[in-house]
Amino acid sequence: MFDTLISATQLQQNYQADHWVVLDCRFDLMDVSKGEALYQACHIENAIYVNLNEQLSGTITALSGRHPLPEIAALTNLFSKLGIGSHSQVVVYDDCGGAIAARAWWLLKWLGHESVALLDGGIQSWQALGYACSDVSPDIIETHFVRKHSDYETLSTQQICSGDYQLIDARASARYLGEVEPIDAIAGHVPGAVNYPFSDNLNEQGLFKPKLELLNQWQGIADPNNVHMCGSGVTACHNILSMVYAGLPVTRLYTGSWSEWIRDSSRPVSSV
């Protein structure tokens with residue numbers, strides 16, 4: 001069972017069509033049709049495309065962030081339609097270091113599916129080794145996805161406001177500091193949140209750093225009260241994965257994150 005990361009070689013050597021489901025999660029926040037277009041042109045053979053906005057997120061409301069969680073019933077139905085059964089090994093990938101695919105990884109973990117791993121290095125690592133790609137969408141055999149107990153938990157904005165938690169913000173430092181804000185209406189961060197850009201989990205080749213190196217990076221930050229956030233609850237999942245991969249306990253996700261926090265102008269904002 002692969003439950004955190006899987007290498008391109010491990011995927012190529014172990015893949016079994018009857019028991020493995022590969023999900024292509026490529027997505028561009030600035031061009032929402034780009035990911036699927038890339039998939040249609042070239043994807044890992046037998047991979048199925050899933051869309052961040054349409055399938056891995058719920059309905060945006062006046063009070064929610066940009067990528068609210070899907071309803072559990074809708075998510076269970078999606079995983080069933082994707083052919084993910086109780087014994088399926090799922091592999092998720094993208095082309096941006098796992099920034100988007102980590103959301104799919106976390107959603108499956110949230111519903112209690114243990115056998116899900118992120119392709120380390122994304123589709124680039126697969127292509128670099130010359131493994132097969134395709135422009136044909138595979139036939140999908142639907143199954144019955146069963147939700148199970150999970151240690152992966154969420155916190156709402158109300159809980160964040162009324163509790164004693166250490167927020168860890170996965171956004172780039174310039175966004176955290178409020179120096180730039182290309183997506184959301186207000187720049188800055190939640191007062192008291194510490195910055196750990198998800199990109200710090202990766203080396204120069206776009207692969208996850210070794211476990212010991214990640215563990216050393218998390219020293220002084222890792223705590224049972226950690227709650228992960230980002231702009232909309234997507235890249236925060238990358239930091240949760242990083243901690244689990246490093247051997248640390250599972251920590252919680254602030255699903256609304258920055259884009260939900262700023263919906264209410266009475267909530268404090270820091271830019272220092």
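Definitions and limits used
Residues numbered from 1 in each chain as written. Predicted model: local features only at pLDDT ≥ 70, side-chain atom pairs only at ≥ 80, totals over all residues. Heavy atoms only, no water. Pairing = 2+ DSSP bridges. Helix = DSSP H or I, 4+ residues; strand = E, 2+ residues; numbered from the N terminus. Contact = heavy atoms within 4.5 Å. Axes fitted to C-alpha atoms, helices over the stretch in contact; angles between N-to-C directions. Core = buried A, V, L, I, M, F, W, Y, C linked by side-chain atoms within 4.5 Å. Buried < 20%, exposed > 50% of the residue type's maximum accessible area, 1.4 Å probe, protein only. Phe/Tyr/Trp six-rings, centres within 6.5 Å; stacked < 30°, edge-to-face > 60°. Lys NZ or Arg CZ within 6 Å of the ring centre and 35° of its normal. Polar contact = N/O pair within 3.5 Å; in protein donor to acceptor, adjacent residues only side chain to side chain.

## Topic: the sheet that holds strand β9 (residues 166-169)
Thinking step 1. Strand order in this open sheet of five strands is β8-β12-β11-β9-β10, and the pairing throughout is parallel. Edge positions in the open sheet fall to β8 (154-155) and β10 (194-195), since each of these has one partner strand only.
Thinking step 2. Sheet topology places β9 next to β10; two bridges connect them, and they run parallel. Within the sheet, the bridge partner assigned to aspartate 169 lies in β10 and is asparagine 195.
Thinking step 3. Each of β9, β11 (226-229) and β12 (252-254) touches helix α9 (residues 236-245); the most contacted strand, β11, lies at about 140 degrees to it.

## What about the nonpolar core?
Thinking step 1. Counting 69 residues, the largest nonpolar core has Leu11, Leu23, Phe79, Ile84, Val92, Trp105 and Trp106 as the members making the most contacts within it.
Thinking step 2. The element contributing the most residues to this core is helix α4 (residues 101-110), with eight residues.
Thinking step 3. If we ignore the near neighbours within four places in the chain, the residues touching leucine 11 are Ile6, Trp20, Val22, Ile44, Val91, Leu119 and Trp126.

## Overview of the packing of aromatic side chains
Thinking step 1. What the rule picks out here adds up to nine aromatic pairs.
Thinking step 2. Taking the centre distance of 6.4 Å and the plane angle of 70 degrees together, the rings of tyrosine 15 and tryptophan 20 count as edge-to-face.
Thinking step 3. Classification of tyrosine 15 as partly exposed rests on a relative accessible area of 27%.
Thinking step 4. Here tryptophan 20 falls in the buried class, since its relative accessible area comes to 10%.
Thinking step 5. By way of ring pairs, the aromatic residues Phe2, Tyr15 and Trp20 are connected into one cluster.
Thinking step 6. The cationic tip of arginine 267 hangs over the ring face of tryptophan 261; the distance from NZ or CZ to the ring centre is 5.9 Å.

## A short note on the side chain of aspartate 169
Thinking step 1. Residue position: aspartate 169 is located in strand β9.
Thinking step 2. Relative accessible area serves as the criterion here: at 0%, aspartate 169 is assigned to the buried category.
Thinking step 3. Here the side chain of aspartate 169 touches arginine 171 through a polar contact of 2.8 Å, side chain to side chain.
Thinking step 4. Excluding its chain neighbours within four sequence positions, the residues that come into contact with aspartate 169 are Tyr176, His189, Val194, Asn195, Tyr196, Pro197, Met229 and Cys230.

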